[in-house]
Each structure stands twice: as C-alpha cells, then as structure tokens.
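Listed below are the residues making up each chain.
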Amino acid sequence: MTDHSHTFQTKLLHNKHKADEETGAVSVPIHHASTFHQTDFDQPGRYDYSRSGNPTREALETTIANLESGFRGFAFASGMAAISTSFMLLSQRDHVLVSEDVYGGTYRMIHDVLIRFGIEHTFVDMTNLEEVATAIQPNTKVIYIETPSNPLLKITDIQAVVKLAKANECLTFVDNTFMTPALQRPLEFGADIVLHSATKFIAGHSDVVAGLAVVRNEQLAEKLSFLQNSFGSILSPHDSWLVLRGLKTLHCRLEQSSRSAFRLAHALAKEPIIEEVYYPGFSFHPGHSTHLYQAGGPGAVLSFRLPDENAVRFFTKHVQLPVYAVSLGAVESILSYPAKMSHASMPSEERKKRGITDGLLRISVGLENADDLLQDFQNALAAIKRYDTPTRGLQV
Ligand SMILES: *Cc1c(COP(=O)(O)O)cnc(C)c1O
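- As annotated in an unreviewed UniProt entry, the chain carries the name cysteine-S-conjugate beta-lyase and comes from Guptibacillus hwajinpoensis.
- According to its UniProt record, the chain has this under Sequence similarities (unreviewed entry): "Belongs to the trans-sulfuration enzymes family."

1. Some remarks on the overall build of the chain
- Each helix and strand counted, the chain has 14 helices and 12 strands in total.
- What you see for the chain is a C-alpha radius of gyration of 22 Å, in line with the 21 Å of a compact globule of 396 residues.
- Overall, the C-alpha framework of the chain stretches about 80 × 50 × 35 Å when taken along its three principal axes.
- Taking all 396 residues of the chain together, 54% fall into the buried category.

2. Let's talk about helix α3 (residues 79–87)
- Of all nine residues that make up α3, eight are buried, and the element is covered over most of its length.
- Along α3, the residues that are buried comprise G79, A81, A82, I83, S84, T85, S86 and F87.
- Its side-chain oxygen placed 3.4 Å from the backbone nitrogen of M80, S78 serves as the N-cap of α3.

3. Section: the pattern of salt bridges
- Evaluated as defined, the whole model comprises 12 salt bridges.
- With a shortest N-O distance of 3.1 Å, K141 and D94 are connected by a salt bridge. Highlighted residues: K141 in strand β4 (residues 140–146) and D94 in the loop between α3 and β2 (95–99), separated in sequence by 47 residues.
- A salt bridge links E271 to K385; the nearest nitrogen and oxygen atoms lie 3.2 Å apart. Residue E271 is found in the loop between α10 (250–269) and β8 (276–278), and its partner K385 is found in helix α14 (residues 370–387); the two are separated by 114 residues along the sequence.
- Residue K385 is classed as partly exposed on the basis of its relative accessible area of 41%.

4. Focus: the confidence of the model for the chain
- Per-chain confidence: the chain averages 94 in pLDDT, with 97% of residues scoring 70 or above.
- Mean pLDDT values for the elements of the chain range from 83 in helix α13 (residues 348–353) up to 99 in strand β7 (residues 211–215).

Cut-offs used in this document
- Residues numbered from 1 in each chain as written.
- Predicted model: local features only at pLDDT ≥ 70, side-chain atom pairs only at ≥ 80, totals over all residues.
- Heavy atoms only, no water.
- UniProt positions renumbered as here; feature names shortened; annotations may be inferred.
- Helix = DSSP H or I, 4+ residues; strand = E, 2+ residues; numbered from the N terminus.
- Rg over C-alpha atoms; globule rule 2.2 N^0.38 Å.
- Buried < 20%, exposed > 50% of the residue type's maximum accessible area, 1.4 Å probe, protein only.
- Polar contact = N/O pair within 3.5 Å; in protein donor to acceptor, adjacent residues only side chain to side chain.
- Salt bridge = Lys/Arg side-chain N within 4 Å of Asp/Glu carboxyl O.
- pLDDT = per-residue confidence, 0-100.

Structural data, given as structure tokens:
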C-alpha cells in the first residue's frame, strides 16, 4: 500500500495503518485487551499478552520504525523508559561516553543509577571529536549523543561519531527528541538506536507521556524486544493511539513552529539586554553547517541568556503567551528555565560548567501567530528594562 517514493509528509498519513484491514476504520482501533484467546494449543496466536505485544502499540511501533528508516520500533511508557531500557543492553564493567549537556533525566540515570550496577561513564564535549576519540576506553560499548543538545543547542556530527564508534566496536545511541524524523534520521547516518521522548514534538499536544526507540537491525531488535518485555515499561494502547494521532500532523506543526522560531531567534538577537541566543539556524552558530548537512532544518527550540536570575523573574512574570513549564514540542509555546527545571537534578557547579547559568531560558515555539509571539516577547523584555537600574537592583 505504501509507495516508498512518497515524501515524509505523505508517509505520515499513508502507511500500513491508513485503514484497518478488518473494518476499514481510518483510525487505528484501540485494543485494550490485556490477554488474547489462543485457538490452537499447538500454534500460538500472533499476540498472547499485551506486555509482550499489543496491536495498537505495534501500529505505533511499525509506524515510527518506518519513519526513522529503522528495522523495528518500540514504544515505552516515557522517554526515560525508552532510554533506560536501552541502557539495559549494557553489562557490569561496560563504559558509556555521553554528551556533557545531555538531558537532565538521562544524566541522572547514568550518574546515579547505572553506576550502582557497575556501568561506568565519561561525560565529554561531543562536538569535540578529538576529545571523544581520546575518551574511548577498551570497555566503551555505547556513545550517547543528543544533537542539537539541550538547552544550548550544540551540534554533534553524527556521522563522524558513528565512524569513531564503529572503529571501536561501540554502538551509537542518538536522542532525536528535538528534531524528530521529520528533520533528522540518525539511522541513515549509521547510528544503531534512535531514542525519543514522544511526549514532545512527536505527540505534540502536551497530553501524553511516551517514549520510542528504533533499532537499525534484527540483532538489536531481538535484544531490545527481550528487554522491553522483561522490564515491562510499555506504552498503553490508549497512549499509543494518542501518539499515532499526534504524528499525523508532525510535519505541518514542525514546519510552522520552525518558521516562527527562526523569526523569534533573529528578533531576540537584536535585543541588547539578551547576552546570547543559542539557535542552530544562525549562520554563525559553530555547528550550523554540520547541522544543515545532517538535518532538514534548525527546528523550533532556542535558548537565550538574560543577565541574571532577577531578569528571568521579570521576563517570566511579564510574558503572556507561552506557558511557563517543563517540556517542549507542543502546540502551545513553552518557556522553561533549565536551571530550575530540566537540569534541576544536576548539581549547580556541573550546570554552570555546562553553560546552564541562572539567566538562561529556553523557548519551544508553538503554533501561535508569530507576530503575536514576537510582540509578547518584546513587551516582556521592555518590562525588564523598565525596572532595571544601573546597579541591576531588580525587584519584583
Ligand atoms: C523530555 C526529554 C526526555 C525524557 O522523556 P520523558 O518522556 O519525559 O521521559 C529525554 N530526552 C530529551 C531530549 C527530552 O527533551
């Protein structure tokens, strides 16, 4: 049914699950069943128990595998469940190399949990290939990338890291949450496992927590399937359906949000009170050309640095359109404060070392009218300036 020459945009809608084979229903049926009747003692049916396999979850799993150009997909109860279960591929005394500005929850899993099971780690600046090469040890089994990284939007060269990994018999895991397969497909550059917090752009409506993993080959598929069933942190049928529904509009949501993010990034860069804007769409961003080589666009997330915590306090008090919350990748713009939100689980010195200072804000641009958003931001920045005194004695 699927014509492989179709573009990504069309593939989101016209796939194997376009119409239910049995009824013609154009929305995937939600199979709440926990168990499946077996008609033949000698020949087990396709499904037996929903932890091991569920038709609605499987519809999502085959859809994401197809979109990521992978061999097989897996849906989990959260992005962290997908990430943590994938780390279970490692064994005691194995070592993992990780981007130093990795998502806070992933940092916590590696730094506070895996270590208790004897799995070692080194945090590196993944944009510095020499540093990566030097940090690889004889027991390194996984190189873990996030690109663009969170919240400083640093760019890692996926192909170059994969090359280093392969030369050292390591697997490459890529957290592709910020880009989604609409903009970046790491398996096509040789990565082994792609991970997603589907909570973000993929589902896109701030109404479901979900995770996805896609593997490049059958061998990894068997191992991860075994772990998914053993660990059991699967995505429910209803939540699988919500993610499938969100996916249908992924392309147009991301396209509009990215366009507005481009305008917002350029407008913010002109504001004297903003010390720095982090956005891979700037031609002077150090990772710009690498990013454009491996991704279809800069995406809809950017960060900017205000002078200090008080300026942030004023800004968040006066900005009206974005919700002020953790998370990203939704229909509504989401403003978050990494130091106190996504990276709160990281010790303060570690945060500062990584550039996540108390003045840093991250904005995930949603589907509001871009002019409205720009105006709203300019109003909030003007409010900071009104209260700003030469001694920066800001008071709320
Ligand atoms: C949110 C997020 C996660 C964790 O996903 P959950 O669905 O919240 O468990 C992992 N990586 C990145 C980049 C994220 O933004």
